[in-house]
Amino acid sequence: MARSRRISMPTKESYDDHVIRLFLLAAAVWGVVGMSIGVLAAAQMAWPALNFDISWLTFSRIRANHTFGVIFGFGGSALMGTCYYIVQHTGHVRLAFGRLALFTFWGWQAVIVLAMATMPFGITQAKEYAEPEWFIDLLIAVVWVAFGVVFFGTLARRRIRHIYVSNWYFGALIIAVALLHIVNNLALPVSLTKSYTIYSGAVDAMVQWWYGHNAVAFFLTGGFLGMMYYFVPRQAQQPLWSYRFSIVNFWALISVYMWAGSHHLLYTALPDWVQSVGMVFSLVLLMPSLGSAANGLLTFNGSWDKVRTDPAAKFMVLALVFYAASTFEGSMMAIKSVNSLTHYTDWTVAHVHSGAIGWVAMITIGSLYAMAPRALDRPAMHSVPAMNLHFWLHTAGLLLYIVSMWAAGVTEGLMWRATSADGSLTHDFLSSLIAVQPYYLGRLLGGVLVLSGMVVMAWNLWRTAAHARTEVIKPILVPVPEAIPEPVPDQYPPPLPAKS
Amino acid sequence: MGLQYKHWEKLEKNALLLGVLIAVMVSFGGLAEIIPLFNDAQTVRPAPGVTPYEPLRLAGRDVYVREGCYLCHSQMIRTLSFETQRYGPRSDSGEFVYDRPFQWGSKRTGPDLARIGGKYSDDWQRLHLLAPRQLVPASNMPGYPWLAKAKIDGADLTARMRALRSLGDPYTDAQIAGAEEAVLNKTELDALVAYLQGMGVKAVAAGGAVPP
């Protein structure tokens, strides 16, 4: 199939950066909004009076606003923006269906606004990370299909025949999340604001955690690995350590992850065999997870000095370290005997945030700092010291947060199982809540530090965009087709030459 | 190397093939773990004594779901001795067949509620929901005073029971017809307390729950 059309005239095509700038702005805004709600929720855990007896400000109503705002608002906007950027730049082609791409931006923002505006009023499906009600779910499905059409349409028009590995992850993100979202949200509406899921009890639990775990796998891991595979080599100014290794890890990751969801339900009323299968696959998952992290880190070999001079590279390196750490932790927590201690405690919260603040947020921030100047036609970010300040605020906040929650989790786990010599339980439940109160303050302070870092980033992006607000940005031209060399293979065994 | 690169090359240059293969590879896990559960008697047959929620309790359960109680309270007593000692007989999957959605939870900021029914009086539950720290000073649970002011909408509840019946829950015509009267002048607080007081007791009373 002659996929690479050789055009003799130089192209006047330019990259579509407008929609990317919009997603960049949205990511910064939702990052600040989502984390502010997180800080409020953390404060309510320490001082319950902060619920003010107002229904829509109460912890149990706004918790989903924090998770949804950060995951789908901040993470989702960053993912779609970087995906559009990467698929164009790795394919040397302008985005297909420019208007549809704009629709995905406004559609996705409408989804987040609708979800954030309804959940505090109790309009919720009460399934974690899938809280929005059915009418929002329908809109999500429509926007997601449009996202897929734009992505695969662009891929189909690409001028570089080889599909770069980042795009594999974005493709898997789009296909798998569509599948997960539709299956998990099948429900019978009673009214505009209430529906009942078609699954019940143990089946519902399995479907929900198959969704919940793989939303993590494909949204918060796969998508951000796509980001990593493009921006880490770019920032390290080195080729990927091993391209073949990235492909092996890709297939291992996407096929193994889907089996691991039942590790959220160990020792529950879910049939035992499903629990055991989930635990085994969670352990197998160590291989592709650590492999991907190692591949990213080893890419810095030969240019580790970047970590000294470039804050974006700093964010990326620490992101990879936390990716390795939190996936290792996750596999350990999926071991049944470990899980009997960690489950239902704040250790789960520590694990989630080491993944979310450590891996997801840091690779996103690093990538945004790498992408923003290019998308905004500037040589560099407005302020490098502000980037460094952000890095240290974020790192300090992250460490304070997860250390506090680890300590709280271990305390709860040990107190709940402590048995006295006469066989009775040593502690009542309330004692464990009183024991972890100091850690809740530590967590709050950690959250405040991370949030202030995000505010610094938002300011820095705004200043970097000052030029773009007054002048017409010179579009970046797609490279002339003749000038594109076929990739030189530097792997063993060497690839065979393509048949002519 | 047994596998030659040219086979991979075909895949790495064909977006359609890549997409199809991704869809295939991500499907196995869910198919293997979810489909068998639909036909597993243990997960879909109600435990002895477990019946669909009575109108007032159903209304209360929907309030529980709406308020997001599952974010701090689990409804799942695990098969661990320190859990059965603290909370009662372990939970059985047959106790949850009428739960849409399931509310097993993932975090215990407060204690498990799977067998909370009958452990405290109605008055205690009522006051505790309105102002938790009047009864438990060290608690960090928010108060839910608005529940006492809101009435249950009988017509809406009838529609909900009809929807549940079409999903397979065995409500009779008489039960649905009597729903409106059963919740007449009841507040959301009444409904939630009724739900809590019924929690986990049916299976135990019928001898369906496994002893600790």
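Residues numbered from 1 in each chain as written. Chains lettered and ligands numbered in written order. Predicted model: local features only at pLDDT ≥ 70, side-chain atom pairs only at ≥ 80, totals over all residues. Heavy atoms only, no water.

### Description of the overall build of chain A
If you tally the helices and strands in chain A, you get 16 helices and two strands. With the C-alpha coordinates aligned to their principal axes, the bounding extent of chain A is approximately 85 × 55 × 50 Å. Sorting the 500 residues of chain A into buried and exposed places 63% on the buried side. A fraction of 83% describes how many contacts in chain A between residues 6 or more apart in sequence connect residues 24 or more apart. Entry remark: accessible area of chain A is about 18,000 Å², with carbon and sulfur atoms responsible for 71%. Positive and negative charge centroids in chain A, built from 29 and 22 side chains respectively, lie 13 Å apart. (Helix = DSSP H or I, 4+ residues; strand = E, 2+ residues; numbered from the N terminus. Buried < 20%, exposed > 50% of the residue type's maximum accessible area, 1.4 Å probe, protein only. Contact = heavy atoms within 4.5 Å. Areas by Shrake-Rupley, 256 points an atom, 1.4 Å probe, with all protein chains shown as cover. Lys, Arg positive; Asp, Glu negative; His and termini not counted. Charge placed at Lys NZ, Arg CZ, Asp CG, Glu CD.)

### Notes on helix H3 (residues 98–118) of chain A
Residue and element names in this part refer to chain A. Here H3 spans 30 Å end to end across 21 residues, near enough to the 30 Å set by a 1.5 Å rise per residue. Within H3, burial applies to Ala101, Thr104, Phe105, Gly107, Trp108, Gln109, Val111, Ile112, Ala115, Met116 and Thr118. Residues of H3 that are buried in the fold lie against helix H1 (18–46), helix H2 (59–91), helix H4 (134–156) and helix H6 (201–236). (Expected span 1.5 Å × (residues − 1).)

### Considerations on the interface of chain A and chain B
Tallying the contact residues gives 97 residues for chain A and 82 residues for chain B. The largest per-residue losses of area from chain A upon contact with chain B belong to Tyr196(A), Tyr344(A) and Phe429(A), which jointly make up 11% of the total buried on that side. Where chain A packs against chain B, one counts three salt bridges. Residue Asp346(A) is joined to Lys107(B) by a salt bridge in which the shortest nitrogen-to-oxygen separation is 3.3 Å. At the junction of chain A and chain B, the tally comes to 24 residue pairs in polar contact (both at pLDDT 80 or more). (Buried area = accessible area lost by both parts, 1.4 Å probe. Salt bridge = Lys/Arg side-chain N within 4 Å of Asp/Glu carboxyl O. Polar contact = N/O pair within 3.5 Å; in protein donor to acceptor, adjacent residues only side chain to side chain.)

### A short note on the nonpolar core
The biggest cluster of nonpolar side chains holds 173 residues, and the ones touching the most others in it are Phe218(A), Phe219(A) and Trp359(A). At 22 residues, the largest contribution of residues to this core is made by H6(A). When neighbours within four sequence positions are excluded, Phe218(A) is seen to be in contact with Ala172(A), Leu173(A), Ala176(A), Val177(A), Gly223(A), Ile254(A), Tyr257(A), Met258(A) and Val26(B). Grouped together as the second largest cluster of nonpolar side chains are 38 residues, Ala47(B), Val50(B), Leu58(B) and Trp146(B) included. (Core = buried A, V, L, I, M, F, W, Y, C linked by side-chain atoms within 4.5 Å.)

### A closer look at the side chain of Gln109(A)
Positionally, Gln109(A) belongs in helix H3. Setting aside anything within four residues of it in sequence, one finds Gln109(A) in contact with Phe23(A), Ala26(A), Trp30(A) and Ser77(A).

### Comments concerning the confidence of the model for chain B
Interpretation of this model should avoid reading the predicted coordinates in detail wherever pLDDT is low. Summary statistics for chain B give a mean pLDDT of 92 and a share of 94% for residues scoring 70 or more. Under the prediction, the complex receives an ipTM of 0.95, its pTM being 0.93. (pLDDT = per-residue confidence, 0-100.)

### Some words on the packing of aromatic side chains
In total, this model carries 37 aromatic pairs over all chains according to the counting rule given. Measuring from ring centre to ring centre gives 5.5 Å for Phe300(A) and Trp304(A), while their planes differ by 35°; the resulting arrangement is tilted. With a relative accessible area of 0%, Phe300(A) lands in the buried category. With 3.9 Å between their ring centres and 20° between their planes, Tyr120(B) and Trp124(B) make a pair best called stacked. Among the aromatic residues, those joined into a cluster by ring pairs are Phe23(A), Phe68(A), Phe72(A), Tyr84(A), Phe105(A), Trp106(A), Trp108(A), Trp144(A), Phe147(A) and Phe219(A). Positioned above the aromatic ring of Phe391(A) is the side chain of Lys314(A), whose terminal nitrogen or guanidinium carbon lies 5.6 Å from the ring centre. Just above the ring of Tyr267(A) sits the side chain of Lys336(A); from NZ or CZ to the centre is 5.4 Å. (Phe/Tyr/Trp six-rings, centres within 6.5 Å; stacked < 30°, edge-to-face > 60°. Lys NZ or Arg CZ within 6 Å of the ring centre and 35° of its normal.)

### Concerning the pattern of salt bridges
Summed over the entire model, instances satisfying the criterion amount to 22 salt bridges over all chains. Residue Asp272(A) is joined to Lys336(A) by a salt bridge in which the shortest nitrogen-to-oxygen separation is 3.2 Å. Of the two residues, Asp272(A) is situated in helix H8 (residues 272–284) and Lys336(A) in helix H12 (residues 336–342); the sequence distance between them amounts to 64 residues. Lys336(A) gets classed as buried once you look at its relative accessible area, which sits at 16%. Salt bridges sharing common partners tie together Arg61(A), Arg66(B), Glu67(B) and Glu188(B).

### So, the packing of H6(A) against helix H2 (residues 15–38) of chain B
Across the interface, H6(A) lies against H2(B) with an axial gap of 9 Å and an inter-helix angle of 165°. Compared by their axis directions, H6(A) and H2(B) come out roughly antiparallel. The handedness of the crossing between H6(A) and H2(B) is right-handed. Only Val26(B), Gly30(B), Glu33(B), Ile34(B), Leu37(B) and Phe38(B) of H2(B) make contact with H6(A), whose side of the interface consists of Val203(A), Met206(A), Val207(A), Trp210(A) and Phe218(A). (Axes fitted to C-alpha atoms, helices over the stretch in contact; angles between N-to-C directions. Parallel < 35°, antiparallel > 145°, perpendicular 65-115°, else oblique. Left-handed = near helix turned anticlockwise from the far one by under 90°.)

### Re the environment of Leu113(B)
Residues and elements named next belong to chain B. Relative to the helices and strands, Leu113 resides in the loop between helix H5 (81–87) and helix H6 (122–130). Its relative accessible area of 10% is what places Leu113 among the buried residues. For the pair formed by Leu113 and Ala194, sequence separation is 81 residues and the distance between their alpha carbons is 13 Å. Dropping the residues within four chain positions of it, Leu113 is found in contact with Tyr64, His73, Ser74, Leu196 and Met199.

### Things to note about the packing of H6(B) against helix H11 (residues 188–197) of chain B
Residues and elements named next belong to chain B. Two numbers describe how H6 lies on H11: the axes approach to 10 Å, and their chain directions differ by 125°. Of the possible angle classes, the one that applies to H6 and H11 is oblique. Of the two possible hands of crossing, H6 and H11 adopt the one that is right-handed. In this structure, H6 uses Asp122, Gln125, Arg126, Leu129 and Leu130 to contact H11, whose residues at the interface are Leu189, Asp190, Leu192, Val193, Leu196 and Gln197. Residues that form the contact of H6 with H11 fall into these classes: six nonpolar, two polar and three charged. (Nonpolar A, V, L, I, M, F, W, Y, C, P; charged D, E, K, R; others polar.)

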